[in-house]
Amino acid sequence: MDMNEIKEIFFQECEEQLAELESGLLKLNDGDRDPETVNAVFRAVHSIKGGAGAFGLDDLVSFAHVFETTLDCVRSNRLDPGPEVLKVMLKSADVLADLTNAARDGGSVDEARSRQLIKELEALANGEVPQASAAPAEPVAKPVAAVAPLPVNDEGFQPVAFSFDDFDAAEEPPLMEMPTYEIVFKPKSDLYAKGNEATLLLRDLSRLGEMSIHCDMGALPTLDRLSPESAYFFWKISLKTDKGEDAIRTVFEFAEWDCDLEISLVEDEATQSGEELPMQPVPFDLSILDDEPAVSVGVVEEEEQLASQQQDRDAAVSAAGTASNVLQMAQSAARAPAEKAAPAASAAAQSAAAQQAAASAATPTIRVDLDRVDRLINLVGELVINQAMLSQSVVENDTNGTSSINMGLEELQQLTREIQDSVMAIRAQPVKPVFQRMSRIVREIADMTGKSVRLITEGENTEVDKTVIDKLAEPLTHMIRNAVDHGLETPEKRLAAGKSAEGTVRLTAKHRSGRIVIELADDGAGINREKVRQKAIDNDLIAADANLSDEEIDNLIFHAGFSTADKISDISGRGVGMDVVKRSIQALGGRINISSKPGHGSVFTMSLPLTLAVLDGMVVTVANQTLVVPLTAIVETLQPEAAAIHSFGSNQRLISIRNSFCPLVDVGRILNFRAIQANPVEGVALLVESEGGGQRALMVDAIQGQRQVVIKSLEANYTHVPGIAAATILGDGRVALILDVDAIVAASRGHSLKPEMSLAAVG
């Protein structure tokens, strides 16, 4: 693996770290004060800085270093992550992402903005919090002053000092003796050149436990021989921690190549030091006399332990009147349960460590180029086609339905379906990365318009094909900009209307009927239909006396060049936003609807296919042509009877279905496959449901069967055909057209089959 491949892996990891950073900051902005959230945010920036230093990305390292320092203030409770602080940090996360993209793609960033944010971050680190002061640190219990051992009298009695003030306090369970590690940390000059600091590493190390440290300056030369780029100091560290050696090495994970690191476990700290521990005062717990669970009684000299073990029980009872013997009784009572509890405590500690290791173990993953996955999907598609061809050939040449060949083909069909589902699951990804990207758009537009906006996302883990996700960013960006700029009012107008000054934009994703539905809702003023209508008249889009429904007026905003902005700005006014949205959604084989209520806001609903590769469809015949109707659009199939068919108008017909009437649509007539309408009694009706058009009964000649088909783009291989979404290859090798149900339903309502109203080709 060469350096370019390693660098590419680093940038891929940066994307994950930036997503983690954005997610953590948004949680903090919502009031989450979990220390683990703060640590996750800090680790994300620290990881980016460490990797960037290894590749010499100085601009990225410098900014990440200042950002990391400020986050460390939050982590150590020296800086309260209030709204103003998080506002700066969210902007800093955006700049960090820009610097990462610039380092990867060779672009540039706004240096003035970067310098300004560096100043703001440094001010926050120095305690200069705008409109808020740093939250005081949590109160820490005052340490109890060490009491010097009291003298022993001639009779061997030693008074024991204890306080009654702490008897009501909750007692903590005894802690097991933690292992001690001796660490030798010798930085190399490369460590400092890559933006790392030894003091920050030592500070992170101190958070693992109780630490003592000694700096060895023996290698420091005289001033005339001193090189500012060399490393002369090294540190000897004694760390008492229960986190283990792996946790220690994690602290140095980005500096391990740029330093000499030695870690050794010290078995017996007292033996290693070679010094006797001084006698300490022994706290006395009165609860021991009540047969309460034992607690640690401190350090007892070996002579006192032996004397206590050799005492006779009766003599101990008779001598219990003295304070010294009472203390010895307490020590004996405490020592026995503690010895019994030691194995159980050790087993519990091992079990807890095993559970923690299992919980921390991430699901193993591998990185695969998308091109390889695409090739695999194409091959599986060909496998599905060949399996269908083979099945049809066997059926046509073998009338024995119970033959071993047919049974083998059924198993092959099941295996093929499982393989295809598994391969498609590889490409399925949650929409969370796209939704997180919208947070930045909201912040930027809100700052430019002077509005207060809150983005709420739901259903971030809803999965959809990666091809769909990649093409969702552009339409969502335009819709977010439109919602903030046109939909939401200014804080003054919202307060005057009885609303909160902060506007809300809600982005939701969910599965529905084999499709993914994405809704973008705002609680703004809604669509001003009078203004939209007048603007359409001024632009000669409609006649002045045109009679349009509310739905038709709302859809005028999707026309190219249409905008209700009074003046052109950096955000809107050129009429290219919503037009791009409609074309992008249609190119994905989807549709978009608008629902708006004046004074309450608008809801934009996008319905998209889960995948652009396969679909389950019903194969039908219309005027000797083979078509495929998406199964997700079909409610039921009917065999019309003459009594259920009713004429309406000159050429319209209705079908009675369970005491309700539904328009009957001749698919062959709509697609110009035949000049006159067919007899409904001689065909089959497919009751379909489309968004915006309600239910319709599509009239076809016959149903051939239901099967899974591989979608082939018609636009890429031929040209766009109105009313047709895509094409596929059947088992006999013929090409079948996949019906665009929504376009057919719209045509039945009087609209012509135009390219711009069709769902377009899929793929």
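Every value quoted in this text rests on a predicted model; they were computed, and no experiment measured them.

## Regarding the overall build of the protein chain
Line of reasoning, step 1. From N to C terminus, the protein chain includes 24 helices and 22 strands.
Line of reasoning, step 2. Relative to its 763 residues, the protein chain shows a buried fraction of 40%.
Line of reasoning, step 3. In the protein chain, the proportion of contacts linking residues at least 24 apart, taken out of those at least 6 apart, comes to 68%.
Line of reasoning, step 4. Total accessible area on the protein chain is roughly 42,600 Å²; 51% of this is exposed by carbon and sulfur atoms.

## Concerning the sheet that holds strand β17 (residues 660-666)
Line of reasoning, step 1. Strand order in the open sheet formed by six strands is β14-β18-β19-β17-β16-β15, and the pairing between neighbours is mixed. Whereas interior strands pair on both sides, the edge strands pair on one side only; in this sheet they are β14 (634-638) and β15 (645-648). Neighbouring strand axes in the sheet, compared pairwise and without regard to direction, differ in orientation by 35 degrees on average.
Line of reasoning, step 2. Alignment of strand β16 (residues 652-657) against β17, held across five bridges, turns out to be antiparallel. In the sheet register, Leu 654 faces β17, and the bridge partner there is Pro 663.
Line of reasoning, step 3. Most of the contacts of helix α24 (residues 741-748) go to strand β18 (residues 684-690), to which it runs at about 100 degrees, and overall it touches β17, β18 and β19 (694-700).

## Some points on the sheet that holds strand β12 (residues 614-622)
Line of reasoning, step 1. Read across the open sheet, the five strands follow the order β20-β12-β13-β22-β21; overall the sheet is mixed. Of all the strands in the sheet, just β20 (702-710) and β21 (724-729) have a single pairing partner and so form its edges. For this sheet, the mean inter-axis angle between neighbouring strands, taken without regard to orientation, is 35 degrees.
Line of reasoning, step 2. Pairing of β12 with β20, which is carried by eight bridges, proceeds in the antiparallel orientation. Bridge pairing links Leu 615 to Val 709 in β20.
Line of reasoning, step 3. Helix α13 (residues 370-397) rests against β20 and β21 of the sheet, and its axis sits at about 145 degrees to β20.

## Let's talk about a nonpolar patch on the surface
Line of reasoning, step 1. Together, Met 217, Leu 220, Leu 223, Leu 226 and Phe 233 make up an exposed nonpolar region whose accessible area comes to about 500 Å².
Line of reasoning, step 2. Given a relative accessible area of 39%, Leu 226 falls into the partly exposed group.

## Here's the deal with the pattern of salt bridges
Line of reasoning, step 1. Counted by the stated rule, this structure contains 32 salt bridges.
Line of reasoning, step 2. Residue Asp 72 pairs with Arg 78 through a salt bridge whose shortest N-O separation is 3.6 Å.
Line of reasoning, step 3. Given a relative accessible area of 47%, Arg 78 falls into the partly exposed group.
Line of reasoning, step 4. One salt bridge in this structure joins Arg 494 and Glu 489, with 3.0 Å as the shortest N-O distance. For the pair formed by Arg 494 and Glu 489, the shared burial category is buried.
Line of reasoning, step 5. Taken together, the shared-partner salt bridges connect Glu 22, Asp 94, Asp 98, Arg 440, Arg 443 and Glu 444 into one network.

## Thoughts on the packing of helix α4 (residues 83-105) against helix α5 (residues 111-125)
In a packed pair of helices, the relevant descriptors are the angle between the two axes and the axis-to-axis distance.
Line of reasoning, step 1. The N-to-C vectors of α4 and α5 enclose an angle of 140 degrees; their axes lie 10 Å apart at closest approach. It follows from the interaxial angle that α4 and α5 lie oblique. As for the relative orientation of α4 and α5, their crossing is left-handed in sense. Of α5, the residues touching α4 (which contributes Val 85, Val 88, Lys 91, Ser 92, Asp 94, Val 95 and Asp 98) are Arg 113, Ser 114, Leu 117, Glu 120, Leu 121 and Leu 124.
Line of reasoning, step 2. Of the residues in the contact of α4 with α5, the class split is six nonpolar, two polar and five charged.

## Structural notes on unusual backbone geometry
Most peptide bonds take the trans configuration, and most residues that are not glycine carry a negative phi.
Line of reasoning, step 1. Even without being glycine, Ala 623 reaches a positive phi, approximately 50 degrees.
Line of reasoning, step 2. The residue Asn 624 is not glycine, and still its phi comes out positive at about 65 degrees.
Line of reasoning, step 3. Judged by relative accessible area, which is 75%, Asn 624 ranks as exposed.

## Focus on helix α2 (residues 35-54)
In an α-helix, one full turn covers 3.6 residues, which means residues spaced three or four apart are oriented alike.
Line of reasoning, step 1. For α2, built from 20 residues, the straight-helix expectation of 28 Å at 1.5 Å per residue is met to within 8% by its first-to-last C-alpha distance of 29 Å.
Line of reasoning, step 2. Along α2, 15 of the 20 residues are buried, which leaves the element largely enclosed by surrounding structure.
Line of reasoning, step 3. Among the residues trailing α2, Gly 56 stands out with phi positive, at a value near 70 degrees.

## A closer look at the packing of helix α15 (residues 432-449) against helix α17 (residues 473-487)
Line of reasoning, step 1. At a minimum axis distance of 9 Å, the contact between α15 and α17 shows a crossing angle of 35 degrees. For α15 against α17, the interelement crossing comes out right-handed. Counted together, Val 434, Phe 435, Arg 437, Met 438, Ile 441, Val 442, Ile 445, Ala 446 and Thr 449 of α15 and Ala 473, Leu 476, Thr 477, Ile 480, Arg 481, Val 484 and Asp 485 of α17 form the full contact between these two elements.
Line of reasoning, step 2. Residues of the contact of α15 with α17, tallied by class, amount to 11 nonpolar, two polar and three charged.

## Quick notes on the nonpolar core
Line of reasoning, step 1. Leu 476, Met 479, Ile 480, Ile 518, Ile 557, Phe 604 and Leu 608 are the most contacted members of the largest nonpolar core, which totals 44 residues.
Line of reasoning, step 2. The element contributing the most residues to this core is α15, with seven residues.
Line of reasoning, step 3. Non-local contacts of Met 479, meaning those with residues more than four positions away in its chain, are made with Leu 520, Met 578, Val 581, Ile 592, Phe 604 and Met 606.
Line of reasoning, step 4. The next biggest cluster of nonpolar side chains, apart from the first, holds 39 residues, and it includes Cys 14, Phe 67, Met 89 and Leu 124.

## A closer look at the side chain of Ser 439
Line of reasoning, step 1. Tracing the backbone shows Ser 439 in helix α15.
Line of reasoning, step 2. Here Ser 439 falls in the buried class, since its relative accessible area comes to 7%.
Line of reasoning, step 3. Setting aside residues no more than four positions away along its own chain, Ser 439 makes contact with Glu 22, Leu 26 and Leu 455.

## Some remarks on the environment of Val 395
Line of reasoning, step 1. As for its position among the elements, Val 395 is in helix α13.
Line of reasoning, step 2. It is 9.8 Å that separates the C-alpha atoms of Val 395 and Ile 405, two residues lying 10 residues apart in sequence.

## A word on the pairing of strand β11 (residues 601-609)
Line of reasoning, step 1. In terms of burial, β11 is largely enclosed, as eight of its nine residues are buried.
Line of reasoning, step 2. Sheet topology note: the strand β10 (residues 591-597)/β11 ladder contains seven bridges and is antiparallel. Its bridge partner being in β11, Ile 594 is matched across the sheet by Phe 604.

## Some words on α15
Line of reasoning, step 1. Counted at 1.5 Å a residue, the expected span for α15 with its 18 residues is 26 Å, and the 26 Å between its end C-alpha atoms agrees.
Line of reasoning, step 2. Val 434, Phe 435, Gln 436, Met 438, Ser 439, Arg 440, Ile 441, Val 442, Arg 443, Ile 445 and Ala 446 are the residues of α15 that are buried.
Line of reasoning, step 3. Looking at the residues trailing α15, positive phi occurs at Gly 450, about 75 degrees.

## Section: the confidence of the model for the protein chain
Line of reasoning, step 1. Within the protein chain, residue pLDDT values average 76, and 75% of them lie at 70 or more.
Line of reasoning, step 2. Note on residues 167-174: pLDDT under 50 across the span, and six contacts to partners over four residues away in sequence or across chains.
Line of reasoning, step 3. Low pLDDT, under 50, characterises residues 755-763; the predicted model gives this stretch 44 contacts beyond four residues in sequence or across chains.

## Let's talk about the environment of Glu 689
Line of reasoning, step 1. Looking at the element boundaries, Glu 689 is found in strand β18.
Line of reasoning, step 2. Glu 689 sits 55 residues away from Ile 634 along the chain, and the two C-alpha atoms are 6.7 Å apart.
Line of reasoning, step 3. Among all residues touching Glu 689, those that are not within four sequence positions of it are Ala 633, Val 635, Gly 694 and Gln 695.

Criteria and cut-off values
- Residues numbered from 1 in each chain as written.
- Predicted model: local features only at pLDDT ≥ 70, side-chain atom pairs only at ≥ 80, totals over all residues.
- Heavy atoms only, no water.
- Helix = DSSP H or I, 4+ residues; strand = E, 2+ residues; numbered from the N terminus.
- Buried < 20%, exposed > 50% of the residue type's maximum accessible area, 1.4 Å probe, protein only.
- Contact = heavy atoms within 4.5 Å.
- Areas by Shrake-Rupley, 256 points an atom, 1.4 Å probe, with all protein chains shown as cover.
- Pairing = 2+ DSSP bridges.
- Axes fitted to C-alpha atoms, helices over the stretch in contact; angles between N-to-C directions.
- Patch = residues over 30% accessible without salt bridge, like charges linked within 9 Å, V, L, I, M, F, W, Y side chains within 5 Å.
- Salt bridge = Lys/Arg side-chain N within 4 Å of Asp/Glu carboxyl O.
- Parallel < 35°, antiparallel > 145°, perpendicular 65-115°, else oblique.
- Left-handed = near helix turned anticlockwise from the far one by under 90°.
- Nonpolar A, V, L, I, M, F, W, Y, C, P; charged D, E, K, R; others polar.
- Expected span 1.5 Å × (residues − 1).
- Core = buried A, V, L, I, M, F, W, Y, C linked by side-chain atoms within 4.5 Å.
- pLDDT = per-residue confidence, 0-100.

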